[in-house]
Amino acid sequence: MKAMNRRRRIYEGKAKILYEGPEPGTLIQHFKDDATAFNKKKHEIVDGKGVLNNRISEYIFNHLNAIGIPTHFIKRLNMREQLIREVEIIPLEIVVRNVAAGSLSTRLGIDEGTPLPRSIIEFYYKKDELDDPMVSEEHITAFGWASPQEIDDMMSLAIRVNDFLSGLFVSVGIRLIDFKIECGRLYENDMMRIVVADEISPDSCRLWDVESDEKLDKDRFRRDMGGLLEAYQDVARRLGILNENEPVAGTGPVLVK
Ligand code: UDP
């Protein structure tokens, strides 16, 4: 614990902490067990959630890297932490939707579960004080949050991530309804490129069982349905990244096989 506390903390968010990394240009991303929704108005600790999101996000980012979709991810370090490249986060959430749900259903009166005629991309300005308002490309360029080229890059990354994730999840009986990514500017030598950053996990996706439509994502928490950890465990198990009896919660001794 002492060694951990000596590390410089760069940033603490709702579900993650960033520490300085072992080398310049790297950071350590630590997954907490905090579950929050409605801009932190709802907050609980879900013992083991951080461990699951660390593993699920590692799995996804490794695959994205492998198919040539650039990300900030380098490697997982331990149960709760991963080594990442330091990027300049663009203050936008990029949401891709395949099926109507959540705020789209509420705002536009389209029943949840209605397949969309095509995938829809939306941008939200990351600003807690404003509850992350939806913004258009006009706002993004006028206020200098990203350039037109960067918007193009983020949209093409988002579509590639959507295609990959849709295929990955459908192969394990899960429908990808929608998800959110964040992007960052990675500076290397004299070059800058846009990469996928943050995390991709059941905290940031809507995932429904193909057969039953059962929700396997953070909506279980947002809507007080219970069974959040079990749902995330189910996702991890289906992806083959969690051994049947591997404990994710609690701090007791772990059997080393
Ligand atoms: N999302 C997210 N973080 C946010 C807002 C949304 O990860 O701060 C994800 C959410 O999990 C869902 C998608 O983005 O997969 C679309 O969310 P929506 O706009 O429907 O908002 P919500 O209903 O979650 O408020």
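Residues numbered from 1 in each chain as written. Predicted model: local features only at pLDDT ≥ 70, side-chain atom pairs only at ≥ 80, totals over all residues. Heavy atoms only, no water.

Peer 1: Explain the site of the ligand to me, please; I cannot follow it from the model alone.
Peer 2: For the ligand, the set of nearby residues contains 16 residues, the closest of which are Arg97, Ser103, Asp178, Arg206 and Arg222. For the ligand, whose unbound accessible area comes to 510 Å², protein coverage reaches 77%. Per-class residue counts for the shell around the ligand are five nonpolar, three polar and eight charged. (Near = heavy atom within 4 Å. Areas by Shrake-Rupley, 256 points an atom, 1.4 Å probe, with all protein chains shown as cover. Nonpolar A, V, L, I, M, F, W, Y, C, P; charged D, E, K, R; others polar.)

Peer 1: Would you explain the pattern of salt bridges in this entry?
Peer 2: A side chain with one charge may pair with a side chain of the opposite charge, provided their charged atoms come close. One pass over the structure, following the stated rule, counts 32 salt bridges. Taking the shortest distance from any N to any O, the salt bridge between Lys126 and Glu182 comes out at 3.1 Å. One end of the pair, Lys126, is in the loop between β10 (115–125) and β11 (134–135); the other, Glu182, is in strand β12 (residues 174–188), and 56 residues separate them in sequence. Residue class for Lys126 comes out partly exposed when judged on its relative accessible area of 30%. A salt bridge links Asp178 to Arg206; the nearest nitrogen and oxygen atoms lie 2.9 Å apart. With a gap of 28 residues between them, Asp178 in strand β12 and Arg206 in strand β14 (residues 205–209) connect regions that are remote in the sequence. For Asp178, a relative accessible area of 5% translates into the label buried. Residue classification places Arg206 among the buried residues on the basis of a relative accessible area of 11%. By sharing partners, the salt bridges in this structure join Arg97, Arg107, Glu112, Glu122, Asp178, Arg206, Lys215, Asp219, Arg222 and Arg223 into a single network. (Salt bridge = Lys/Arg side-chain N within 4 Å of Asp/Glu carboxyl O. Helix = DSSP H or I, 4+ residues; strand = E, 2+ residues; numbered from the N terminus. Buried < 20%, exposed > 50% of the residue type's maximum accessible area, 1.4 Å probe, protein only.)

Peer 1: Please clarify how the sheet that holds strand β2 (residues 16–20) should be interpreted in this entry.
Peer 2: Either a parallel or an antiparallel arrangement is found when strands of a sheet pair, and the pairing is made through backbone hydrogen bonds. Sheet architecture is open: five strands sit in the order β1-β2-β3-β7-β6, paired in antiparallel fashion. Only two strands of the sheet have a single neighbouring strand rather than two, namely β1 (9–12) and β6 (73–76). Across the sheet, the mean angle from the axis of one strand to that of its neighbour is 25 degrees, orientation sign disregarded. Pairing geometry for β2 and strand β3 (residues 26–31), over five bridges, is antiparallel. If you follow Lys16 over to β3, its bridge partner there is Phe31. (Pairing = 2+ DSSP bridges. Axes fitted to C-alpha atoms, helices over the stretch in contact; angles between N-to-C directions.)

By themselves, these observations are geometric and do not establish any function.
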